[in-house]
Amino acid sequence: MRVSAKSDYALRALIEMSAREDGRAVSAEELGRLQDIPHGFLQAILADLRKAGIVISQRGQSGGWRLARTPDTVSVADVIRAVDGPLVSVYGLRPEAVTYNERAEVLQHVWIAARDSLREVFEQVSIAALASRELPETVTRRTASEDAWQPH
């Protein structure tokens, strides 16, 4: 699986917003500076997150961006879908929409299984968990073996 820069930047920006003790809005400039995210790219990401109902923008002197929902209700999967679309796609189609001939149709099962596996992790990890650095045990268990860290 390839994690896009868009998803990575979006998650990092949301971690910064969530980690703010006072819950005040934070400017895109400050988010970009804190996480080393290019400003123009970040603005487009924040617009996608706003369309998905994950963040809201606030105008004025103390304006900026903040979470529209509590951080424990926003999952990594929500963020990836908001900025990049489906977790798994096969040449732009969802796995269930792909058609193959009889010999290759087994591939559809592989793509659907891969999506299910990604959901198992991405839907369990919230922005709150990322901000607190306390991942669910089912996720940390997956990183416990040395083999998980190998770049096969």
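Please refer to the structure higher up on the page.
Residues numbered from 1 in each chain as written. Predicted model: local features only at pLDDT ≥ 70, side-chain atom pairs only at ≥ 80, totals over all residues. Heavy atoms only, no water.

**Let's talk about the overall build of the protein chain**
Check the secondary structure of the protein chain and you find seven helices and two strands. Overall, the protein chain shows an N-to-C arrangement of helices and strands of α-α-α-β-β-α-α-α-α. With respect to the three principal axes, the spread of C-alpha positions in the protein chain is 60 × 35 × 25 Å. Buried positions account for 34% of the 152 residues belonging to the protein chain. Partitioning the intrachain contacts of the protein chain with sequence separation of at least 6 by distance along the chain shows that 55% fall at a separation of at least 24. Summing over all exposed atoms, the protein chain offers an accessible surface of approximately 9600 Å²; the carbon and sulfur share of this is 50%. For the protein chain, the separation between the mean place of its 19 positive charges and that of its 21 negative charges on side chains is 6 Å. (Helix = DSSP H or I, 4+ residues; strand = E, 2+ residues; numbered from the N terminus. Buried < 20%, exposed > 50% of the residue type's maximum accessible area, 1.4 Å probe, protein only. Contact = heavy atoms within 4.5 Å. Areas by Shrake-Rupley, 256 points an atom, 1.4 Å probe, with all protein chains shown as cover. Lys, Arg positive; Asp, Glu negative; His and termini not counted. Charge placed at Lys NZ, Arg CZ, Asp CG, Glu CD.)

**Comments concerning the side chain of Asp 48**
Looking at the element boundaries, Asp 48 is found in helix H3 (residues 39-51). Owing to a relative accessible area of 17%, Asp 48 belongs among the buried residues under this scheme. Not counting residues within four places of it along the chain, the set of residues in contact with Asp 48 comprises Lys 6, Ala 82 and Val 83.

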